[in-house]
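Structural characterization, general
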Amino acid sequence: MKIHLIAVGQKPPKWVVDGYETYAKRMPSQTALQLKELPPGPRKKQDVGRDAAVAAVRKETADIKAAIPKGAIVVALDERGKPWTTKQLSQQLDHWRHSGKDVALLVGGPDGLDEELRQMADQQWCLSPLTLPHAMVRVLVAEQLYRAHSILHNHPYHRE
């Protein structure tokens, strides 16, 4: 099984790249974490208003859909999703592993995920009720997946 973190946004700060890679490299090959960075839809400073955001999100939606591996379990990261504890995430990871399918975790751009993507998702996951910087989400997801993996394998990384 591969976990595809499909995220809108390119060229994050070095600390984001380093943080993400720290945890992605720790994941075993059986549950490899792979980042697919997608360019944000075009937004110009002079383009203010809902129409510009709608056009940008429409482009991001098409790019995200094209990046989802065929047959993958789709999980939309969205503030309206269900919050999971770390223990619940470890149970999700175990379920995903036993499904034999890849998993696609979707992270939208500045205006979030389109309703179409939320509707097509098998699950919706809320990382936090806080609004998080999209680049930080990559680090947080990678760390939590590694922590969930460590729980499943009784690794001392996670301490209760």
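The paragraphs below set out a description of the structure included in this document.

The rules behind the values
- Residues numbered from 1 in each chain as written.
- Predicted model: local features only at pLDDT ≥ 70, side-chain atom pairs only at ≥ 80, totals over all residues.
- Heavy atoms only, no water.
- Helix = DSSP H or I, 4+ residues; strand = E, 2+ residues; numbered from the N terminus.
- Buried < 20%, exposed > 50% of the residue type's maximum accessible area, 1.4 Å probe, protein only.
- Contact = heavy atoms within 4.5 Å.
- Pairing = 2+ DSSP bridges.
- Axes fitted to C-alpha atoms, helices over the stretch in contact; angles between N-to-C directions.
- Right-handed = clockwise from strand over helix to strand, strands pointing away.
- Expected span 1.5 Å × (residues − 1).
- Arc of directions from axis to C-beta.

**Thoughts on the environment of leucine 89**
On the secondary structure map, leucine 89 appears in helix H3 (residues 86–99). Taking relative accessible area as the criterion, leucine 89 reaches 2% and is therefore assigned buried. Between the C-alpha atoms of leucine 89 and glutamine 144, which are 55 residues apart in sequence, the distance is 7.9 Å. Every residue in contact with leucine 89, bar those within four places of it in the chain, is listed here: Trp84, Trp96, Trp125, Gln144, Leu145 and Ala148.

**Considering unusual backbone geometry**
The phi torsion at lysine 11 lies on the positive side, around 55°, for a residue other than glycine. Residue position: lysine 11 is located in the loop between strand S1 (2–8) and helix H1 (14–26). On the basis of relative accessibility, which here comes to 79%, the residue lysine 11 falls in the exposed class.

**Here we look at the sheet that holds strand S3 (residues 73–83)**
The sheet built from 5 strands is open, its strands ordered S2-S1-S4-S3-S5 with parallel pairing. Of all strands in the sheet, those bounded by a partner on one side alone are strand S2 (32–38) and strand S5 (123–126). On average, each strand axis in the sheet is inclined to that of its neighbour by 30°, with strand direction left out of account. With 5 bridges joining them, S1 and strand S4 (residues 103–107) adopt parallel strand pairing. Within the sheet, the bridge partner assigned to alanine 7 lies in S4 and is valine 107. Each of S1, S2, S3 and S4 touches helix H5 (residues 134–152); the most contacted strand, S1, lies at about 165° to it.

**Comments concerning the pairing of S3**
Bridge count between S3 and S4: 4 bridges; the pairing is parallel. Note on S4: the bridge partner recorded for valine 74 is alanine 104. Following the chain from S3 across H3 to the adjacent parallel S4, one finds a crossover that is right-handed.

**Considerations on H3**
With 14 residues, H3 ought to run about 20 Å at 1.5 Å a step, and its terminal C-alpha atoms sit 20 Å apart, in line with that. Of the residues making up H3, those classed as buried are Leu89, Ser90, Gln92, Leu93 and Trp96. Buried residues of H3 fall within an arc of 160° about the axis and therefore sit on the same side. Opposite its buried face, H3 presents the exposed residues His95 and His98, each directed more than 90 degrees away. In the core, the buried residues of H3 are packed alongside S1, S3, S4, S5 and H5.

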